[in-house]
Amino acid sequence: QQPVQSPQAVILREGEDAVINCSSSKALYSVHWYRQKHGEAPVFLMILLKGGEQKGHEKISASFNEKKQQSSLYLTASQLSYSGTYFCGTPARGSARQLTFGSGTQLTVLP
Amino acid sequence: NAGVTQTPKFQVLKTGQSMTLQCAQDMNHNSMYWYRQDPGMGLRLIYYSASEGTTDKGEVPNGYNVSRLNKREFSLRLESAAPSQTSVYFCASSEGTLGLYFGPGTRLLVL
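All figures in this text were calculated on a predicted structure; none of them were measured in a lab.

J.: Please give an account of the state of the cysteines that cites residues and values.
T.: Across all of its chains, the model carries two disulfides over all chains by this definition. Disulfide pairing is shown between A:Cys22 and A:Cys88; the S-S distance is 2.1 Å. Between A:Cys22 and A:Cys88, the S-S torsion sits near 75 degrees, and that sign places the bridge as right-handed. One end of the pair, A:Cys22, is in strand β3 (residues 18-23); the other, A:Cys88, is in strand β9 (residues 84-92), and 66 residues separate them in sequence. Judged by relative accessible area, which is 0%, A:Cys88 ranks as buried. Across the disulfide from B:Cys23 sits B:Cys91; the S-S distance is 1.9 Å. Since a negative S-S torsion denotes a left-handed disulfide, the B:Cys23-B:Cys91 link at about -70 degrees is left-handed. Of this pair, B:Cys23 sits in strand β3 (residues 19-25) while B:Cys91 sits in strand β9 (residues 87-94), and the two are 68 residues apart along the sequence. The same class applies to B:Cys23 as to B:Cys91, namely buried.

Here's what the structure looks like:
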């Protein structure tokens, strides 16, 4: 079952912060985060495993709460290069390789 | 180090025609995947290969076949193309619990 991402789209100014959420109706064992720029392939940002650990990539960090079955991606002091569509992916039960992706959150950073 | 490469980049087919999409990776990854991406639908897994010699169905396998030719190469075949298969196709590879590394994609139009 596809994870649900919110918001669907967000527009912000350079330097502002944003949060993207990913939630699942099923138990989560890990969460992947990817960014895709228009016309390009998705690029892996980070993976979060059970334990609620927070990871970081540049000024982008994420948290994972397996009890609430959700993950959040935090973009701090956004840069123009952060624009793109962000996808979360969650593995199917019993198969870590079968990732199901959310429908994406389109992030636009304006100067 | 080219990462994941895909051929062709663009293809136009008529309904009923067949074609094979090629994918190769030079990162020595064991697992390889084929995804399709439609507007507003996110990424959906067609087939995957956990290791050389094995293939498994993903979320949307109907109308497709795959071959894991060796550790480097994983091809996707459309035997009789249909307009519903118009999409962008991404090949990806991974190792262990690390994230997916995507190729540049093949844009397919079926008329």
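Let's pick the thread back up.
J.: How would you explain the side chain of B:Ser75 if you had to name every residue and give the values?
T.: Residues and elements named next belong to chain B. Along the polypeptide, Ser75 turns up in strand β8 (residues 74-78). Classification of Ser75 as buried rests on a relative accessible area of 8%. In this view, Ser75 contacts Thr20, Leu21, Gln22, Trp34, Asn65, Val66, Ser67 and Leu69; residues no more than four positions away in its chain are not counted.

J.: Can you explain the layout of surface pockets? Please cite residues and give values.
T.: Considering only enclosed or pocket space, the largest pocket measures out at about 550 Å³ in volume. Along its surface, the largest pocket is lined by 23 residues, and A:Gln36, A:His38, A:Thr85, A:Phe87 and B:Gln37 are the ones closest to its centre. Of all the secondary-structure elements, those providing two or more residues to the lining of the largest pocket are β9 and β11 (105-110) of chain A together with β4 (31-38) and β9 of chain B. Among the residues making up the lining of the largest pocket, the classes are represented as five nonpolar, 14 polar and four charged.

J.: Pulling in residues and values, what's your account of the packing of aromatic side chains?
T.: Per the counting criterion, the structure on display carries 10 aromatic pairs over all chains. Linked through ring pairs, A:Tyr34, A:Phe44, A:Phe101, B:Tyr33, B:Tyr35, B:Tyr48, B:Phe90, B:Tyr101 and B:Phe102 together constitute an aromatic cluster.

J.: Please provide a residue-by-residue account of the interface of chain B and chain A, values included.
T.: In this assembly, 23 residues from chain B lie in contact with 18 residues from chain A. Around 1500 Å² of area is buried between chain B and chain A when both sides are counted, 57% of it from carbon and sulfur atoms. For chain B, the biggest contributors to the area lost against chain A are B:Leu43, B:Leu100 and B:Phe102; these three give 26% of the whole. Applying the counting criterion to the chain B and chain A interface returns zero salt bridges. Scanning the region where chain B abuts chain A turns up three residue pairs in polar contact (both at pLDDT 80 or more).

Cut-offs applied
- Residues numbered from 1 in each chain as written.
- Chains lettered and ligands numbered in written order.
- Predicted model: local features only at pLDDT ≥ 70, side-chain atom pairs only at ≥ 80, totals over all residues.
- Heavy atoms only, no water.
- Disulfide = S-S within 2.5 Å.
- Helix = DSSP H or I, 4+ residues; strand = E, 2+ residues; numbered from the N terminus.
- Buried < 20%, exposed > 50% of the residue type's maximum accessible area, 1.4 Å probe, protein only.
- Contact = heavy atoms within 4.5 Å.
- 1 Å grid on protein atoms, 1.4 Å probe; cavity = no way out; pocket = protein on both sides within 12 Å on 5 of 7 lines; lining within 4 Å.
- Points joined across faces, edges and corners; volume = space filled by probe spheres on them.
- Nonpolar A, V, L, I, M, F, W, Y, C, P; charged D, E, K, R; others polar.
- Phe/Tyr/Trp six-rings, centres within 6.5 Å; stacked < 30°, edge-to-face > 60°.
- Buried area = accessible area lost by both parts, 1.4 Å probe.
- Salt bridge = Lys/Arg side-chain N within 4 Å of Asp/Glu carboxyl O.
- Polar contact = N/O pair within 3.5 Å; in protein donor to acceptor, adjacent residues only side chain to side chain.

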